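The primary structure of each chain is shown beneath.
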Amino acid sequence: MDIKLKKLTDTAIIPIRGTSSSAGYDLCADTGSAIEIKSGETTMIGTGISMAIPEGYYGGVYARSGLSSKEGLRPANCTGVIDSDYRGEIKVPIHNDSKETRTIKSGQKIAQIIISPYLEVSFSEVDELDDTTRGNEGFGSTGKY
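A short tour of the structure in this document, coming up. (Residues numbered from 1 in each chain as written. Predicted model: local features only at pLDDT ≥ 70, side-chain atom pairs only at ≥ 80, totals over all residues. Heavy atoms only, no water.)

### Brief notes about the pattern of salt bridges
- One pass over the full model with this rule turns up six salt bridges.
- Lys-4 is the partner of Asp-2 in a salt bridge, and the nearest nitrogen-oxygen pair spans 4.0 Å.
- Overall, Lys-4 belongs to the exposed group, its relative accessible area being 57%.
- Of the charged contacts in the structure, one is a salt bridge between Arg-102 and Glu-100, with a shortest N-O distance of 3.6 Å.
- A single salt-bridge network, built from bridges that share partners, covers Asp-26, Arg-64 and Lys-109. (Salt bridge = Lys/Arg side-chain N within 4 Å of Asp/Glu carboxyl O. Buried < 20%, exposed > 50% of the residue type's maximum accessible area, 1.4 Å probe, protein only.)

### Focus on the nonpolar core
- Core analysis: the largest hydrophobic core is formed by 19 residues, its most contacted members being Leu-27, Val-61, Val-92, Ile-94, Ile-104, Ile-110 and Ile-113.
- The leading source of residues in this core is strand 11 (residues 109–117), at three residues.
- Other than its neighbours up to four places away in sequence, Ile-110 contacts Leu-27, Cys-28, Ala-29, Ile-45, Thr-47, Arg-64, Leu-67, Val-92, Ile-94 and Ile-104. (Core = buried A, V, L, I, M, F, W, Y, C linked by side-chain atoms within 4.5 Å. Helix = DSSP H or I, 4+ residues; strand = E, 2+ residues; numbered from the N terminus. Contact = heavy atoms within 4.5 Å.)

### Digging into the pairing of strand 9 (residues 91–96)
- For strand 9, a buried count of five out of six residues is recorded, marking the element as mostly surrounded by other parts of the structure.
- Bridge count between strand 4 (residues 42–46) and strand 9: five bridges; the pairing is antiparallel. The residue bridging Thr-42 from the neighbouring strand is His-95, located in strand 9.
- Where strand 7 (residues 73–75) lies against strand 9, three bridges are found, and the strand directions are antiparallel. Considered in strand 9, the bridge of Pro-75 is made with Ile-94. (Pairing = 2+ DSSP bridges.)

### Details of the sheet that holds strand 7
- Overall, antiparallel pairing links the three strands, which are arranged 4-9-7 in an open sheet. Edge positions in the sheet fall to strand 4 and strand 7, since each of these pairs with one other strand and no more. Taking each pair of neighbouring strands and ignoring which way they run, the sheet shows an average axis angle of 35°. (Axes fitted to C-alpha atoms, helices over the stretch in contact; angles between N-to-C directions.)

### With respect to a nonpolar patch on the surface
- Together, Leu-119, Val-121 and Phe-123 make up a nonpolar patch on the protein surface, roughly 430 Å² of accessible area in all.
- Here Val-121 lies in the segment after strand 11. (Patch = residues over 30% accessible without salt bridge, like charges linked within 9 Å, V, L, I, M, F, W, Y side chains within 5 Å. Areas by Shrake-Rupley, 256 points an atom, 1.4 Å probe, with all protein chains shown as cover.)

### Here's the deal with the sheet that holds strand 6 (residues 57–62)
- Taken in spatial order, the four strands make up an open sheet running 2-11-6-8, and their pairing is antiparallel. Of all the strands in the sheet, just strand 2 (25–28) and strand 8 (80–82) have a single pairing partner and so form its edges. Taken over all neighbouring pairs, the strand axes of this sheet differ in orientation by 35° on average, direction set aside.
- Relative to strand 8, strand 6 runs antiparallel, the two being bridged by three bridges. Across the sheet, the residue bridging to Gly-60 is Val-81, located in strand 8.

Printed below as a string of structure tokens:
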């Protein structure tokens, strides 16, 4: 699949995969200078790119496992959704879960994007839903192990 991408700055980095088997393409900060994020704070980080994701697909923006587990930095919304009709700059709200101030440098990998299909659905209001064994039991109802 070919995704049309526009670099909005000369310093923007086109997303790449870490390996040929990686599902996600790394999104890099395009900030011009280093940005500090204090403990417990969220800062919007631009990538300097925009995309034309084909209709029927979306871009899921996910944390990078190393950045989140080693530095405590993750997308504030946990998983972002870039819709196919959005043409603005892809930005990632980065939240600092650590107890220390963290620094994001321009060019640093901050998240990953996975292009995925979605189903268009319609919703039909009904008076009752069919019964299942589980019913309305949730949040741990199927057991810990």
